[in-house]
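# Coordinates in review
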Amino acid sequence: MNGSAEEYVAPTDLVPCRICGRSFAEAALVKHEKICEKAATKKPRKVFDSGKMRAIGTDIPVNHTLRPGQKPKPEKPKKSNWKQTHEDFIAAIRAARGGGEGPPPRSHIPDNFKQCPYCNRNFSPSAADRHIEFCKTQSRRKAAAVKPDADRVVQPDKKSKVLLETCHLLSFLYAISSLAATKWLLSEPFYHHKKML
């Protein structure tokens with residue numbers, strides 16, 4: 001066989017398999033039917049769902065994952081408040097031009113937003129739960145940091161006293177030594193000795 005197309009002869013006596021219907025040469029059919037019969041009697045394998053496996057251990061609900069070829073369910077359209085947003089926008093433009101009287105109006109806050117009791121800002125329901133916990137801990141920290149301890153008088157311990165006294169002594173000795181060094185440099189014999197050189 002040289003690899004040319006002329007030498008290849010297609011088998012003409014193909015026999016179909018009685019289980020799957022595919023056609024084989026008689027010699028191959030005997031072996032195929034044994035394998036095909038085993039495969040047909042086996043319990044079908046479960047289809048592996050990679051979406052479910054990715055969703056395990058996260059906050060994604062397992063029933064919201066899509067299988068290959070499955071289309072997502074159309075979500076209900078959210079209630080739009082475009083008219084209120086538009087009116088707020090127009091009012092803000094008029095106030096910026098100076099057409100309106102008084103300060104510019106506050107933007108409209110949606111009804112489902114929650115107000116933080118600590119900082120008085122407004123958040124969507126899902127963000128409000130997270131923010132309020134955070135803001136609560138922050139306000140406690142700030143209150144603890146600002147609150148003076150007037151009742152508490154700090155008494156230095158023995159180590160602190162010794163360290164403080166040592167620092168005072170060292171600074172005193174340094175001052176004396178620098179003063180002595182200055183006096184020695186300006187002393188009469190040393191000064192004349194430098195002049196002679």
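Each value, and the rule that gives it
Residues numbered from 1 in each chain as written. Predicted model: local features only at pLDDT ≥ 70, side-chain atom pairs only at ≥ 80, totals over all residues. Heavy atoms only, no water. pLDDT = per-residue confidence, 0-100. Helix = DSSP H or I, 4+ residues; strand = E, 2+ residues; numbered from the N terminus. Contact = heavy atoms within 4.5 Å. Buried < 20%, exposed > 50% of the residue type's maximum accessible area, 1.4 Å probe, protein only. Expected span 1.5 Å × (residues − 1). Bend = angle between axes of the 7 residues up to and from the residue. Core = buried A, V, L, I, M, F, W, Y, C linked by side-chain atoms within 4.5 Å.

Next up on the list: the confidence of the model for the chain. In the predicted model, the chain carries a mean pLDDT of 76, and 71% of its residues have values of at least 70. At the level of individual helices and strands, the chain shows its lowest average pLDDT in helix H6 (residues 188-196), which scores 55, and its highest in strand S2 (residues 23-25), which scores 91.

Once that is clear, we can look at the side chain of His131. By the secondary structure assignment, His131 is in helix H4 (residues 125-146). With residues near it in sequence (within four places) discarded, His131 still touches Cys116, Cys119, Arg121 and Phe123.

Here we come to the environment of His32. Relative to the helices and strands, His32 resides in helix H1 (residues 26-41). By relative accessible area, which is 13% here, His32 ends up buried. Setting aside its immediate chain neighbours within four residues, His32 contacts Cys17, Cys20, Arg22 and Phe24.

Here H1 contains 16 residues, and its C-alpha end-to-end distance of 23 Å stays within 8% of the 22 Å for a straight helix at 1.5 Å per residue. Where H1 bends most, the angle comes to about 30 degrees, and this point is His32. Elements that come into contact with the buried residues of H1 comprise strand S1 (14-16) and S2.

So, about the nonpolar core. Residues Cys116, Phe123, Ala127, Ala128 and Cys135 constitute the largest nonpolar core, which totals 5 residues. Examining the composition of this core, we find that 3 residues originate from one element, H4, more than from any other. Once residues within four sequence positions are removed from consideration, Phe123 is found in contact with Phe113, Lys114, Cys116, Ala128 and His131.

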